[in-house]
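Single-letter residue listing:
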Amino acid sequence: MRKQIAAANWKMNLNADEAHQLLSKVLHTKLELKPGQEIIFAVPFPYISMAVKKCAEHNNVFVAAQNCSDKTSGAYTGETSAIMLQSVGVQYVIIGHSERREYFNETNEVLAKKIDQCLSHGLKPLFCCGEPLSIREEGKEKEFVAEQLKQSLYHLSADQLQQVVIAYEPIWAIGTGKTATTQQAQDMHAFIRQQIELKYGHHIAQTISILYGGSVKAANAKDLFSQPDVDGGLVGGASLNAEEFITIIQSLD
């Protein structure tokens, strides 16, 4: 059975008090998760230890880092390694978010190294893929996403791939208020699963959770999550509002 996941990506938001209050408010709500459902909080680095401590008191609630280095250790001032994250109780790491790709020039090849770092140190990568508006308008979104998968994931063994969660984020729908229709989301998720099946086989493809990450909010979460190949959401702005994110969590099938 595939995991269903509601993942909050706080990005670079909130001061310490606000982070504490938001996490407390969500976690103190009686969230009746079904077997196979998870909540992930991808918090800024300064709040990781606080979040790990709070989430440890709850079943199926985990903490993610928003990034990690592609190096194991060394003279890389300002970087954070996978082994550091693992040592403080992080379970997931977002790899390849569109903002990292766009603003920090992270390539598919660098992301493959980050994936390897995570897996080598017991962390689960939450790998992001997706196309910009120009590619969507050319009708080449599937070829674009297929190449992202190939260059960053296809060096993995089947067992390794099963540790990866994939998030499809149409870049044109992030922070713009635009959202892919439920059918557009389902079509791309089904395509991603088909590509994994071609490489790794049907059984492996059916075990990989694929999240939707394009302006998920309370108003559209239930429709999106009801699609057969959409296994939850990577939620940005809406995860900064406790009531909104709670509704999104409750929208998991």
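Bear in mind that the values here come from a model prediction, so they are computed numbers and not experimental data.

**Student:** Whenever I open this one, the packing of aromatic side chains confuses me. Can you help?
**Tutor:** Each aromatic ring pair is specified by the distance between its two centres and by the angle formed by the two planes. Scanning the entire structure with this criterion turns up five aromatic pairs. Measuring from ring centre to ring centre gives 6.2 Å for tryptophan 10 and phenylalanine 41, while their planes differ by 70°; the resulting arrangement is edge-to-face. Taken together, the residues span a long stretch of sequence, with tryptophan 10 in the loop between β1 (4-9) and α1 (16-27) and phenylalanine 41 in strand β2 (residues 37-42) at a distance of 31 residues. On the basis of relative accessible area, tryptophan 10 is assigned to the buried category, the value being 0%. Taking the relative accessible area as the measure of exposure, phenylalanine 41 reaches 1% and is therefore buried.

**Student:** What's the story with the pattern of salt bridges in this structure? I'm lost.
**Tutor:** Pairing is possible between side chains that carry opposite charge, provided their charged atoms lie close to one another. Taken as a whole, this structure holds 13 salt bridges when the rule is applied. Between lysine 71 and aspartate 70 there is a salt bridge whose closest N-O contact spans 3.3 Å. Between glutamate 138 and lysine 140 there is a salt bridge; the shortest N-O distance is 3.8 Å. Overlapping salt bridges bring together Arg2, Arg193, Asp229 and Asp231 as one network.

**Student:** Before we go on, may I ask you to explain the pairing of strand β5 (residues 124-129) in this structure?
**Tutor:** If a strand is regular, its side chains alternate between the two faces of the sheet. Of all six residues in β5, five are buried, a share of seventy percent or more. In this structure, strand β4 (residues 92-95) lies alongside β5, joined through four bridges in parallel fashion. From the neighbouring strand, isoleucine 94 faces β5, where its bridge partner is leucine 126. Taken together, the four bridges between β5 and strand β6 (residues 165-168) define a ladder with parallel strand orientation.

**Student:** Just to check I follow, could you spell out unusual backbone geometry for this structure?
**Tutor:** Even without being glycine, lysine 11 reaches a positive phi, approximately 55°. Even without being glycine, asparagine 105 reaches a positive phi, approximately 55°. Within the secondary structure, asparagine 105 sits in the loop between α4 (98-103) and α5 (108-120). Looking at asparagine 105, the relative accessible area reads 59%, which means it is exposed.

**Student:** Where do I start with α1 in this structure?
**Tutor:** Note on helix geometry: an α-helix contains 3.6 residues per turn, so any two residues three or four positions apart are oriented the same way. The terminal C-alpha atoms of α1, which comprises twelve residues, lie 17 Å apart, in line with the 16 Å expected from a rise of 1.5 Å per residue. All buried positions along α1 are accounted for by Ala19, Leu22, Leu23, Ser24, Val26 and Leu27. Buried residues along α1 sit in contact with β2, α2 (48-55), β3 (61-65) and α12 (242-250). By the N-cap criterion, in which a side-chain oxygen at the helix start approaches the backbone nitrogen of a residue two or three places on, α1 is capped by asparagine 15, the distance to aspartate 17 being 3.1 Å.

What counts, and where the lines are drawn
Residues numbered from 1 in each chain as written. Predicted model: local features only at pLDDT ≥ 70, side-chain atom pairs only at ≥ 80, totals over all residues. Heavy atoms only, no water. Phe/Tyr/Trp six-rings, centres within 6.5 Å; stacked < 30°, edge-to-face > 60°. Helix = DSSP H or I, 4+ residues; strand = E, 2+ residues; numbered from the N terminus. Buried < 20%, exposed > 50% of the residue type's maximum accessible area, 1.4 Å probe, protein only. Salt bridge = Lys/Arg side-chain N within 4 Å of Asp/Glu carboxyl O. Pairing = 2+ DSSP bridges. Expected span 1.5 Å × (residues − 1). Contact = heavy atoms within 4.5 Å. Polar contact = N/O pair within 3.5 Å; in protein donor to acceptor, adjacent residues only side chain to side chain.

The quantities given are spatial measurements derived from coordinates; they are silent on function.
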